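# What the coordinates show
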Amino acid sequence: MVSNNSINAQSIVEGLAQVQRPLLISGPCSAESEEQVVQTANDLSKRGVHILRAGVWKPRTRPNGFEGMGTIALRWLVNARESSGLPIATEVANAQHVEACLNAGVDVMWIGARTTVSPFAVQEIADALKGTNVPVFVKNPMHADLSLWLGALERVRNTTDGPVWAIHRGFSQYGQKEYRNAPMWEIAIGLKMALPDVPIICDPSHIAGNRALLQAVAQKAMDLGMEGLMLETHPNPQDALSDSNQQLTPAAFGELIDSLTIRSSSEPKISSADLSALRLQMDSIDEQVIELLHARMGLARQIGLHKWENGMTILQMERWKEVFDTREKWAERGGLSPEFIFNFLEQVHKESIRVQNEEMNSKKIKPANS
Ligand code: PEP
Ligand code: MN
């Protein structure tokens, strides 16, 4: 299924528009030595990769981590391009990085998650790119803020003439969790709805944080119709100086890509008449859900009135616990995930409290027994 890597460094801008989905970007988290970068590039060029990636300046969360080899590594990337024919990409975090990349002739630049959070830093990068047509990929910010991601894309689009793409790499979360960064797919979908012309690439490496989860994340991204994948690869992942748990050998990368099912977003699996019928049913169910929620809020108002008359507080913890416990059981019986029902009820409860508050505040005189 791997599409042929028809992009070359000269036609990168046109090439991005022509490439068959998924666009594949791969290479080491960090450029560690010339040999490592060149060897990875040569191995990847045989596996359908379109763009070679390697971090040169590494924004580490804590000091004393490996901070990248710096400007000298740009030469290694250029040599890897010469040897493999793959266009080269690296991360930029300030104007000096952009300047160094422009001087070295780097084909593609990306803005990392720790930089996207800062409008000042993004604007500095956008200004340094002014008037160029270098393709730029903008990773989502570290935390779940769609506006910040949109803002960064807009800043770059305002100054450059080249293609600007988004990279979904997940959102940081506190504590030990299944994913290194929570995917929160709904935020990537929100981005697509706000900027439908901006293609989105998924970065399963930074979402998963470990090799075992990469395939499932990549498949999910493809099922959602994302335009490409960025996956970290290293000749000896266990010895990598950064992100060693999530990197694949180029051979394992090839196997992962071959295992993916790529459905075309326009290729219908069911006839359009069947699809319309299913959508009609869904519309009708949504209408009923909304009517039921309306009725539920009406009851919340009546309860609010009762609480006001009896001088009770709005939040009754015992009752709230009972609501969760019973609904969780009902959800399990119906095959719905308890997590989904918990999140749903939390929103419903929030709205119930707002409605009850409104009801109480609309009463000017306090009840006699409060
Ligand atoms: C990277 O791509 O190696 C990187 C540092 O990614 P992120 O900005 O997503 O953490
Ligand atoms: Mn990395």
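Residues numbered from 1 in each chain as written. Chains lettered and ligands numbered in written order. Predicted model: local features only at pLDDT ≥ 70, side-chain atom pairs only at ≥ 80, totals over all residues. Heavy atoms only, no water.

Turning our attention to the coordination of the manganese ion (ligand 2). The coordination sphere of the manganese ion (ligand 2), as far as protein atoms go, consists of C29 (SG), H206 (NE2), E232 (OE) and D243 (OD), spread over 2.1 to 2.4 Å. Read from N- to C-terminus, the donor residues coordinating the manganese ion (ligand 2) fall into the pattern C-x176-H-x25-E-x10-D. Of the two residues, E232 sits in strand β10 (residues 228–232) while D243 sits in the loop between β10 and α11 (250–259), which places them 11 residues apart along the sequence. Given a relative accessible area of 14%, D243 falls into the buried group. (Donors = N, O, S within 2.8 Å, 3.2 Å for Na, K, Ca; no water. Helix = DSSP H or I, 4+ residues; strand = E, 2+ residues; numbered from the N terminus. Buried < 20%, exposed > 50% of the residue type's maximum accessible area, 1.4 Å probe, protein only.)

Before going further, it helps to spend a moment on the domain arrangement of the protein. As assigned here, the protein comprises domain 1 (9–259) and domain 2 (273–361). Look at where the C-alpha atoms of domain 1 and domain 2 centre, and you get two points 41 Å apart. (Domains from an automatic or database assignment.)

Turning our eyes to something else, we now look at the sheet that holds strand β5 (residues 136–139). The parallel closed barrel is built from 8 strands, whose spatial order is β1-β2-β3-β4-β5-β6-β9-β10. Each neighbouring strand pair of the sheet contributes to a mean axis angle of 30°, computed without reference to strand direction. Pairing between strand β4 (residues 108–111) and β5: 3 bridges, direction parallel. Residue pairing across strands places I111 opposite V138, the latter belonging to β5. Contacts from helix α8 (residues 185–194) reach β6 (164–168) and β9 (200–202) within the one sheet, and its direction differs from that of β9 by about 160°. (Pairing = 2+ DSSP bridges. Axes fitted to C-alpha atoms, helices over the stretch in contact; angles between N-to-C directions. Contact = heavy atoms within 4.5 Å.)

Let us now look at α11. P250, F253, G254, L256 and I257 are the residues of α11 that are buried. One side of α11 carries all its buried residues, which in axial view fall inside an arc of 165°. Those residues of α11 that are exposed and aimed more than 90 degrees away from the buried face are E255 and D258. Contact partners of the buried residues in α11: β1 (23–27), α2 (34–45), α10 (214–223) and β10. (Arc of directions from axis to C-beta.)

So, on to the site of ligand 1. Every residue lining ligand 1 is accounted for by C29, R53, K58, E91, W110, G112, A113, R114, K139, R169, H206 and E232. For ligand 1, an oxygen atom lies 2.8 Å from a polar atom in the backbone of A113. R114 has a polar side-chain atom sitting 2.8 Å from an oxygen atom of ligand 1. The protein chains hide 97% of the 300 Å² of surface that ligand 1 would expose on its own. For the shell around ligand 1, the residue count by class is 3 nonpolar, 2 polar and 7 charged. (Near = heavy atom within 4 Å. Polar contact = N/O pair within 3.5 Å; in protein donor to acceptor, adjacent residues only side chain to side chain. Areas by Shrake-Rupley, 256 points an atom, 1.4 Å probe, with all protein chains shown as cover. Nonpolar A, V, L, I, M, F, W, Y, C, P; charged D, E, K, R; others polar.)

Counted according to the given criterion, the structure contains 14 salt bridges. Between K321 and D325 there is a salt bridge, with its nearest N and O atoms 2.8 Å apart. Remark: D325 and K321 occur in helix α13 (residues 317–333); sequence separation between them is 4 residues, near one turn of the helix. When its relative accessible area of 30% is taken as the criterion, D325 is described as partly exposed. In the salt-bridge network here, residues are joined through shared partners; they are R301, E351, R354, E358 and E359. (Salt bridge = Lys/Arg side-chain N within 4 Å of Asp/Glu carboxyl O.)

With that settled, consider the nonpolar core. One finds L52, V138, L153 and L229 to be the most contacted residues of the largest nonpolar core, which totals 64 residues. Here this core gets 6 residues from one element, more than from any other, and that element is helix α3 (residues 72–84). Apart from the residues within four sequence positions on either side, V138 is in contact with I111, T116, W149, A152, L153, V156, V164, W165, A166 and I167. Counting 14 residues, the second-largest nonpolar core is a separate cluster that includes I25, W110, F137 and I201. (Core = buried A, V, L, I, M, F, W, Y, C linked by side-chain atoms within 4.5 Å.)

Attention shifts here to unusual backbone geometry. The phi torsion at N64 lies on the positive side, around 80°, for a residue other than glycine. With respect to the element layout, N64 can be found in the loop between β2 (51–53) and α3. Although it is not a glycine, M184 sits at a positive phi angle of roughly 40°. Inspection of the secondary structure assignment puts M184 in the loop between β8 (181–182) and α8.

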